[in-house]
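Single-letter residue listing:
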Amino acid sequence: MKPHVLIVGATGGTGAAIVAACLARDLSVTVFGRSLTKLKAQFPVSVAYAQGDVFDSASIVAAGQNSNLVFQCAAVPYHETVSRQLPLAESVMTAAQQIGARVVYIDGIYAYGASTGQPMTESAPMRPISKKGQIKAQLTQLLFNERFSAVPTCLIRYPITSVRALVPAVI
């Protein structure tokens, strides 16, 4: 069975690249965003459209009923990270749990803090040095919390060299 992918935050740079990569692999895609007009203008191709609010898990559930994979690419404005990042993650994870989908969560490297001059790997310790970094470390805890243990989750932290390289790796 061909995977059906829900891309939350599809109109941003990362989301748009994920949409393109999924379509290049001939996957079934639903693009999710705040503006149906913007979604249709940006993706006038064979995708399903879903308008909704990333902070409302019910709208994500409605959009993702047939999805078995959710790419979470939505971002909050920098100055709202502290207050809105965790509610966004909570909403996406709750929705994925309800629809039985896997999650690929795209995020930044703030949780790791200042560079040590060594290559960064999955086992690098998180040493946040800012409020945003602390929230990003809490995000990791939320995504892999026992409460969401039934949701297979992959957290990808930028920088990566190619967003398009993600799709074959996670499908």
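Each remark here, short or long, concerns the structure printed above.
Presented here is an overview of the structure given in this document. Please read all numbers here as calculations on a predicted model, not as lab measurements.

Ranked by size, the top nonpolar core spans 28 residues in total, and within it Phe32 and Val70 carry the most contacts. Of all the secondary-structure elements, those providing two or more residues to this core are strand E1 (4–8), helix H3 (57–63), helix H4 (81–99), strand E5 (102–107) and helix H5 (131–143). Element by element, the count of residues in this core is highest for H4, at eight residues. In terms of nonpolar packing, the next biggest core, distinct from the first, is built from 18 residues, Ile18, Cys22, Phe71 and Cys73 among them.

With 12 residues, helix H1 (residues 13–24) extends 17 Å from end C-alpha to end C-alpha; this agrees with the ideal 16 Å at 1.5 Å per step. For H1, every residue scored as buried is listed here: Thr14, Gly15, Ala17, Ile18, Val19, Ala21 and Cys22. Within two residues after H1, Asp26 carries a phi angle of roughly 60 degrees, on the positive side.

With their axes 9 Å apart at the nearest point, H4 and H5 run at an angle of 15 degrees to one another. Comparing their axes, H5 and H4 come out roughly parallel. Pair H4 / H5 crosses with right-handed handedness. Contacts between H4 and H5 involve Thr81, Val82, Gln85, Leu86, Ala89, Glu90 and Met93 from the former and Lys131, Lys132, Ile135, Lys136, Gln138, Leu139, Leu142 and Leu143 from the latter. Split by residue class, the contact of H4 with H5 holds eight nonpolar, three polar and four charged.

On to the environment of Thr116. Among the secondary structure elements, Thr116 is positioned in the loop between E5 and H5. According to the relative accessible area criterion, Thr116 is exposed, its value standing at 53%. Engagement of the side chain of Thr116 in a polar contact is seen with the backbone nitrogen of Gln118, the distance being 3.4 Å.

Scoring rules and cut-offs
Residues numbered from 1 in each chain as written. Predicted model: local features only at pLDDT ≥ 70, side-chain atom pairs only at ≥ 80, totals over all residues. Heavy atoms only, no water. Core = buried A, V, L, I, M, F, W, Y, C linked by side-chain atoms within 4.5 Å. Buried < 20%, exposed > 50% of the residue type's maximum accessible area, 1.4 Å probe, protein only. Helix = DSSP H or I, 4+ residues; strand = E, 2+ residues; numbered from the N terminus. Expected span 1.5 Å × (residues − 1). Axes fitted to C-alpha atoms, helices over the stretch in contact; angles between N-to-C directions. Parallel < 35°, antiparallel > 145°, perpendicular 65-115°, else oblique. Left-handed = near helix turned anticlockwise from the far one by under 90°. Contact = heavy atoms within 4.5 Å. Nonpolar A, V, L, I, M, F, W, Y, C, P; charged D, E, K, R; others polar. Polar contact = N/O pair within 3.5 Å; in protein donor to acceptor, adjacent residues only side chain to side chain.

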